[in-house]
Amino acid sequence: PGDEPRPVQLHLEDELVLLADATRLRQVLVNLLANAVKYSSPGSPIEVTAYQVRDVATAPTSSKAQEQAVPTACIQVRDHGLGVPPEEQNKLFQRFVRLERDITGPVRGTGIGLFTCRVLVEAMGGAIWIESAGIPGDGSTFAFTLPLWSPVETEASS
């Protein structure tokens with residue numbers, strides 16, 4: 001089980017260059033994708049989306065990024081699994097937390113994956129969250145923001 005090929009749909013805005021540590025960003029993405037595979041049915045699609053946040057003022061980013069109005073990207077990983085009940089979502093990014101149904105279920109885990117994702121994303125100046133109605137088959141979207149790299153123009157001093 002779990003070895004069945006998965007359709008992965010990529011929706012990536014052109015020319016996004018993130019201001020992030022490549023190794024840590026990869027670690028976050030691998031964790032979110034692994035969770036999408038573990039917590040959804042074999043063969044169900046996984047969607048990865050990345051786009052520039054147009055309204056930085058309302059984006060869930062770090063307060064530092066908001067104060068500086070830093071251009072921001074949002075990256076999302078969506079599955080079509082069981083979803084996460086809204087009342088349990090605020091616990092997910094804490095250390096050693098697993099949902100009750102998962103502790104007694106067949107999926108193995110330590111409860112540090114999403115905590116690690118939160119720590120890494122926040123260290124890179126972003127924020128991470130989940131969107132889910134908790135409806136089986138509707139799944140979950142794990143999203144995070146990171147600053148975009150942009151060339152800085154400097155004025156010549158006279």
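Structure: above.
As the structure is a prediction and not an experimental result, all values here were calculated from the model.

## Here we look at the overall build of the protein chain
Phase 1: If you tally the helices and strands in the protein chain, you get 4 helices and 5 strands.
Phase 2: Evaluated residue by residue, the protein chain yields a buried proportion of 41% over its 158 residues.
Phase 3: Nonlocal contacts in the protein chain, meaning residues at least 24 apart in sequence, comprise 70% of its contacts between residues at least 6 apart.
Phase 4: Summed over its atoms, the accessible surface of the protein chain is roughly 9500 Å², and 54% of this surface lies on carbon and sulfur atoms.

## Regarding the side chain of T49
Phase 1: Along the chain, T49 falls in strand 2 (residues 46-53).
Phase 2: Setting aside its immediate chain neighbours within four residues, T49 contacts H11, L12, C74, I75 and Q76.

## Digging into the pattern of salt bridges
Phase 1: In this structure the tally under the stated criterion is 5 salt bridges.
Phase 2: Note that R78 and D138 form a salt bridge whose closest N and O atoms lie 3.5 Å from each other. Separated by 60 residues along the polypeptide, R78 in strand 3 (residues 72-78) and D138 in the loop between strand 4 (128-131) and strand 5 (141-147) bring together distant segments of the chain.
Phase 3: Take R78: its relative accessible area is 24%, and that puts it in the partly exposed class.
Phase 4: The class of D138 is partly exposed, set by a relative accessible area of 34%.
Phase 5: When salt bridges that share partners are traced, they join E47, R78 and D138 into one network.

## Structural notes on the environment of R24
Phase 1: Inspection of the secondary structure assignment puts R24 in helix 1 (residues 22-38).
Phase 2: As for R24 and V121, which are separated by 97 residues in sequence, their C-alpha atoms are 8.3 Å apart.
Phase 3: Ignoring any residue separated from it by four or fewer positions in sequence, one finds R24 in contact with L120 and M124.

## Topic: the sheet that holds strand 3
Phase 1: Pairing is mixed in the open sheet, where 5 strands are placed in the order 1-2-3-5-4. Each edge of the open sheet carries a strand with a single partner, namely strand 1 (8-12) and strand 4. On average, each strand axis in the sheet is tilted by 15 degrees relative to the strand beside it, whichever way the strands run.
Phase 2: Here helix 1 sits on the sheet in contact with strand 2, strand 3 and strand 5, set at roughly 170 degrees to strand 5.
Phase 3: Taken strand by strand, helix 4 (residues 113-123) contacts strand 4 and strand 5, and its axis lies near 20 degrees from that of strand 5.

## Details of the packing of helix 1 against helix 4
The relative placement of two packed helices is expressed as an angle between their axes plus a distance between the axes.
Phase 1: Two elements in contact, helix 1 and helix 4, have axes separated by 10 Å at closest approach and are oriented at 150 degrees. Our classification of the angle between helix 1 and helix 4 gives roughly antiparallel. Judged by the twist between their axes, the crossing of helix 1 over helix 4 is left-handed. Here helix 1 contributes R24, Q27, V28, N31, L32 and N35 to the contact with helix 4, which in turn contributes G113, L114, T116, C117, L120 and V121.
Phase 2: The residue makeup of the contact of helix 1 with helix 4, split by class, is 6 nonpolar, 5 polar and 1 charged.

Cut-off values and rules
Throughout this document, residue positions are counted from 1 along each chain, in the order its sequence is written. The model is predicted, so local features are restricted to residues of pLDDT at least 70 and side-chain atom pairs to those at 80 or more, both for listing and for counting; the totals for chains, interfaces and linings are taken over all residues. Heavy atoms throughout the structure, all of them, feed into the side-chain values; hydrogens and water do not. Put simply, DSSP marks the helices as runs of H or I at least four residues long and the strands as runs of E at least two long, and each gets a number from the N terminus on. Three labels apply to residues, based on accessible area from a 1.4 Å probe with only protein chains included: buried if under 20% of the type maximum, exposed if over 50%, partly exposed otherwise in between. The criterion used for residue contact is that any of the two residues' heavy atoms lie within 4.5 Å. Only the protein chains shown count as cover for residues, with accessible areas throughout obtained via the Shrake-Rupley method and a probe of 1.4 Å. A carboxyl oxygen of Asp or Glu within 4 Å of a side-chain nitrogen of Lys or Arg is what we treat as a salt bridge. Here the rule is simple: two strands pair whenever DSSP picks up at least two bridges between them. Here the axes come from fitting lines to C-alpha atoms, over the contacting stretch only for helices, and the angles between their N-to-C directions go from 0 to 180 degrees. Small angles under 35 degrees read as roughly parallel and large ones over 145 as roughly antiparallel, with 65 to 115 read as roughly perpendicular and the rest as oblique. What makes a crossing left-handed is the near helix being turned counterclockwise from the far one by less than a right angle; a clockwise turn instead makes it right-handed. When residue character is reported, Ala, Val, Leu, Ile, Met, Phe, Trp, Tyr, Cys and Pro are called nonpolar, Asp, Glu, Lys and Arg charged, and the others, Gly included, polar.

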